[in-house]
Amino acid sequence: MTTLSRRRLLQTGAAAVPAIALGTRPARAASSSLPVTGVVPSSMAGFDQAMQKYITERDIGCAQLAVAKNGKILLARGYGTYSKTTATGRVFARVQPTSLFRIASLSKNITGAAIARLAQDGKLSLTAPVTSLLGLSTAADPRLAQVTVTRLLQHLGGWDRGVSPDQLWADHTIAASLGVSLPIDHADIIKWATARKLDFDPGTKSVYSNYGYMLLGRIIEKVSGMSYEAYVKQNLLAPAGITRMKLGRSRLAETGMSEVTYTSKFTNKTVLDDSGTVVPYPYGGFNMPNQDANGGWLASAVDMVKWGFVFDKAGTVLNGTSISRIFAKPEIGMNSNGSWYGFGWSVRNNNVGTLNTWHNGSMPGTFSFFARIQNGVSYCAIFNRREETGSPDFDSIDPILGQATGTVTTWPTTDLSPKYF
């Protein structure tokens, strides 16, 4: 499978300065023992071995892996340790299978499902223009009226971050342009973006857009009358039996012990106030709450594979029509490698007559990968750092886990779900 690569986003962006940042550790010797938690059946040892090699080669401090088949969670593993300073002193913890990580753009399939659910309930038309739903002006570019809900979902909205700044990562630029103080919020981002021309005609090509998914979050709020987080928890996660997941925060002091710490060698000027303070990139170098619908969720790998079961068949969260809509080909069809982008998923036909669906996520201090492949197999891996200058390729986790699947000759039958939910 070819992943939607985002690993180089902001690695050398403006104000990003190499530095020794929070969470950096001395390199771990390849032969050292990596602390682990959770359950790995003997027949699935290939997954665990592949992960430990991957983690050691990249000097990753915290990681998770979960593997499922046909609606059963079969492997759940936490790797590494982290520490935080609390009121009672420094607290050290091993990564558990249920520890929370920022999952970055794995959040997009959650937002896509929320939109599909609103349409399923008759509260939203997928062909409705964003201008009418959010009251946006077309004065700067009349083509904005052609941006529908579906086009936002499939990255057909007309924004190209290779041409114009990625609106979710341009806090200093937006604040200076609007003459407002940091931190900016969603309304500021929308005001700035709406005053600029689109980069291409909506519906003519697919270009990955965080901003499009941020707008979808605002549509969910407008249509449901609830906060984005509350709507997702109440209508999607709770019916699926998932209760740990929540939106993340920007500062280390705002995170609890259930959430791991994040590592990056880059720093940035804070976007949380006008002080100009240089901070570790994962903690104030970007505004985590603003990322909500496009990249703001916290989850564990077991949460994500359980969430993936929602898309296997019609159920209490999504009906068959909604699932079909989520994985349908966009109006422009497939891309050159035979895949396409659905509602927060990359999609491709596989060799057994079904669909492979996958996505990755990347932001400073986070890399994640989630795939649903043939024969009912799914897996999710999450790490507390991403590829940066000088580190090995992180996207290789895709074929590595695919190859590990092939090492399983007999799949276990014991479902670990009751252990973690």
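Residues numbered from 1 in each chain as written. Predicted model: local features only at pLDDT ≥ 70, side-chain atom pairs only at ≥ 80, totals over all residues. Heavy atoms only, no water.

A. Fine view of the pattern of salt bridges. All chains considered together, the criterion is met by 15 salt bridges. Note that Arg143 and Asp141 form a salt bridge whose closest N and O atoms lie 2.7 Å from each other. For Arg143, a relative accessible area of 22% corresponds to the partly exposed category. Its relative accessible area of 6% is what places Asp141 among the buried residues. Linked through salt bridges whose partners overlap, the residues forming this network are Lys53, Glu57 and Arg58. (Salt bridge = Lys/Arg side-chain N within 4 Å of Asp/Glu carboxyl O. Buried < 20%, exposed > 50% of the residue type's maximum accessible area, 1.4 Å probe, protein only.)

B. Highlighting the sheet that holds strand β10 (residues 297-299). An order of β6-β10-β7 is seen for the 3 strands of this open sheet, with the pairing classed as antiparallel. Bordering the open sheet on either side are β6 (101-102) and β7 (246-247), each of which pairs with just one other strand. Looking at chain direction, β6 and β10 are connected through 2 bridges and run antiparallel. Across the sheet, residue Phe101 finds its bridge partner in β10, namely Ala299. (Pairing = 2+ DSSP bridges. Helix = DSSP H or I, 4+ residues; strand = E, 2+ residues; numbered from the N terminus.)

C. Examining unusual backbone geometry more closely. The linkage connecting Leu182 with the following residue, Pro183, adopts the cis geometry, with an omega of 5 degrees. For Ala104, which is not a glycine, the phi torsion comes out positive at approximately 55 degrees. Inspection of the secondary structure puts Ala104 in the loop between β6 and α2 (107-120).

D. Representation of the packing of aromatic side chains in the model. In the structure shown here, the tally under the stated rule is 15 aromatic pairs. Centroid distance Trp345 to Phe370: 5.5 Å. Interplanar angle 50 degrees. Geometry classified as tilted. Taken together, the residues span a long stretch of sequence, with Trp345 in the loop between β11 (340-341) and β12 (346-349) and Phe370 in strand β14 (residues 366-372) at a distance of 25 residues. Per residue, the accessibility class of Trp345 equals that of Phe370, and both read buried. Aromatic rings pair up to connect Trp307, Phe311, Phe327, Trp345 and Phe370 into one cluster. The ring centre of Tyr283 lies 5.4 Å from the NZ or CZ of Arg102, which sits over that ring. Cation over ring: Arg244 sits above Phe421, and NZ or CZ is 4.7 Å from the ring centre. (Phe/Tyr/Trp six-rings, centres within 6.5 Å; stacked < 30°, edge-to-face > 60°. Lys NZ or Arg CZ within 6 Å of the ring centre and 35° of its normal.)

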